[in-house]
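Residues per chain are reported as follows:
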Amino acid sequence: MPPPRTRGTALRHRLAELRGPDVPAKALDARALAALAANPGCARRAILDGAGVNKAALASALGSPSAFGQSQFALTRGNAFEAKVKADGGAELLRLVHEKLDRSAEPPVEARVPDLTATGPRGRTARTELELREATAHPGAWTLLDHPMLALDVAGSPAFLEPDAVVVHPDGSWTVVEIKSFPLLDGSADPAKVGAAARQAAVYVLALEELAARLGVEPEEGTAPLGEEGDARADGTGVPVPRVRHRVLLVCPRDFSNLPAASAVDIRKQRAVTARQLARLTRIEDIADALPEGTCFSPELPAEALTAAVESVPATYAPECLSACELAFHCRTRSRREGAVTSLGRPVRAELGGLTTVEDVLAAARGEAGDPDDPAVAALRRAAALRAEALEAACR
């Protein structure tokens, strides 16, 4: 008799059915998890990512191929810049970490750069854990981990993540480093790009926090209190418990040169949002249970059946999706067809209150519908009156 199916096994079986027979799961990466945090209300993205559906192939099968992703030129430029930042054993990178995040520590004259080579993602994850444990157990020196491999539990399955770098400070604390190819102009960068980098770094911080929880033991009640952020903690036996810093280092080219510049970014807000969204993702069985029987997102299905399957899951489209989701063009077309005000952007949607379609907004502005006491309706009618007065004056 086969063993009884556990809840986790049943969920994985259900997600495999949603992907389609013999369709391998597409592994979640930090960009995908960060995009989930950027649009936490989208059930469609949550179930598709949770099931490991290849959204690029799905978008092509739906007739709305995605242009999402970096160009080959941008990838080449980014790789060249990252190599420059990490040259000479990461001397410049560690100098920036010391300058922006840890001036009280000894300058990084020498640093340990362990070899993280191993077979497969699980082997690299184990190797990373071993090196982090070693660096934390023997504080007092700087350690640079170049492209470590981290694992984060997502919906009961491990997602393997690869940050650009993780630095272990002399006090045993850990810092995530993100290296990007967009420039810092006069000390500041595009807020949208910085926000995306912060959300991505928050995913790495969560994965490091999971690892730190496995490496050490929290102090028992009555022991010495925890130190400030960045201090290594210890239990009564002196076993160190790493502290993952919530300020990450963002390294970008300075102005229009190829010289590195850095900025410390506080990602506590992004970390909290991402943690909530991942907790929601672990309950994707609720979304799956609400789907019609036999729903499948395999790109091999006929276009009509595939469209019906995708449309059975509600989406929350916003213009920001165009830079973060492969299904954005498909969802935008449907959003515009339905006249949803979300297609105009989240700020506009927030100002309109309970008015969810463009038709409702126009009817309220003309005085044909809506509660006059509703602030949004009153503002629309006032704006319509001012527009009418302006047009009348222009025609005189």
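Residues numbered from 1 in each chain as written. Predicted model: local features only at pLDDT ≥ 70, side-chain atom pairs only at ≥ 80, totals over all residues. Heavy atoms only, no water.

1. Section: the overall build of the protein chain
Here's step 1: A tally of helices and strands in the protein chain yields 15 helices and ten strands.
Here's step 2: By the burial criterion, 42% of the 396 residues in the protein chain qualify as buried.
Here's step 3: In the protein chain, the share of contacts with a sequence separation of at least 24, taken over all contacts with a separation of at least 6, comes to 64%.
Here's step 4: Roughly 20,600 Å² of accessible area belongs to the protein chain as shown, and the carbon and sulfur atoms make up 55% of that amount. (Helix = DSSP H or I, 4+ residues; strand = E, 2+ residues; numbered from the N terminus. Buried < 20%, exposed > 50% of the residue type's maximum accessible area, 1.4 Å probe, protein only. Contact = heavy atoms within 4.5 Å. Areas by Shrake-Rupley, 256 points an atom, 1.4 Å probe, with all protein chains shown as cover.)

2. As for helix α8 (residues 191-215)
Here's step 1: Counted at 1.5 Å a residue, the expected span for α8 with its 25 residues is 36 Å, and the 35 Å between its end C-alpha atoms agrees.
Here's step 2: Measuring from the backbone nitrogen of Ala-192 back to the side-chain oxygen at the start of α8 gives 3.0 Å, which picks out Asp-190 as the cap. (Expected span 1.5 Å × (residues − 1). Polar contact = N/O pair within 3.5 Å; in protein donor to acceptor, adjacent residues only side chain to side chain.)

3. Comments concerning the side chain of Ser-335
Here's step 1: Relative to the helices and strands, Ser-335 is located in helix α12 (residues 328-338).
Here's step 2: Among the residues examined, Ser-335 registers a relative accessible area of 6% and is labelled buried.
Here's step 3: Once you skip the residues sitting within four places of it in the chain, Ser-335 turns out to touch Tyr-317, Ala-340, Thr-342 and Ser-343.

4. Observations concerning the packing of helix α7 (residues 120-137) against α8
Here's step 1: In contact at an axis separation of 11 Å, α7 and α8 are set at 65 degrees when each is read in the N-to-C sense. The way α7 lies across α8 gives a crossing that is right-handed. Here Glu-129, Leu-132 and Arg-133 of α7 lie close against α8, whose contacting residues are Leu-208, Leu-211, Arg-214 and Leu-215.
Here's step 2: Here the contact of α7 with α8 is built from residues that sort into four nonpolar, no polar and three charged. (Axes fitted to C-alpha atoms, helices over the stretch in contact; angles between N-to-C directions. Left-handed = near helix turned anticlockwise from the far one by under 90°. Nonpolar A, V, L, I, M, F, W, Y, C, P; charged D, E, K, R; others polar.)

5. Overview of a nonpolar patch on the surface
Here's step 1: A cluster of nonpolar side chains, Leu-344, Val-348, Val-358 and Leu-362, forms an exposed patch at the surface whose accessible area comes to about 310 Å².
Here's step 2: Checked against the element boundaries, Leu-344 lands in the loop between α12 and α13 (346-351). (Patch = residues over 30% accessible without salt bridge, like charges linked within 9 Å, V, L, I, M, F, W, Y side chains within 5 Å. Salt bridge = Lys/Arg side-chain N within 4 Å of Asp/Glu carboxyl O.)

6. A look at the side chain of Glu-131
Here's step 1: Considering the arrangement of structural elements, one finds Glu-131 in helix α7.
Here's step 2: Accessibility expressed as a relative area gives 7% for Glu-131, which makes it buried.
Here's step 3: In contact with Glu-131, not counting residues within four places along its chain, are Arg-112, Pro-114, Asp-115 and Leu-116.

7. Describing the environment of Asp-190
Here's step 1: For Asp-190, the location among the structural elements is in the loop between β6 (174-179) and α8.
Here's step 2: A distance of 3.0 Å separates the side chain of Asp-190 from the backbone nitrogen of Ala-192, its partner in a polar contact.

8. A word on the pattern of salt bridges
Here's step 1: Per the counting criterion, the structure on display carries 22 salt bridges.
Here's step 2: In this structure, Glu-99 engages Arg-95 in a salt bridge whose closest nitrogen and oxygen atoms are separated by 2.8 Å. In this pair, Glu-99 and Arg-95 are both assigned in helix α6 (residues 87-101), four residues apart and thus about one turn of the helix distant.
Here's step 3: Judged by its relative accessible area of 27%, Glu-99 is partly exposed.
Here's step 4: Ionic contacts of the salt-bridge type, sharing partners, join the residues Arg-45, Asp-49, Lys-55 and Glu-326 into one network.

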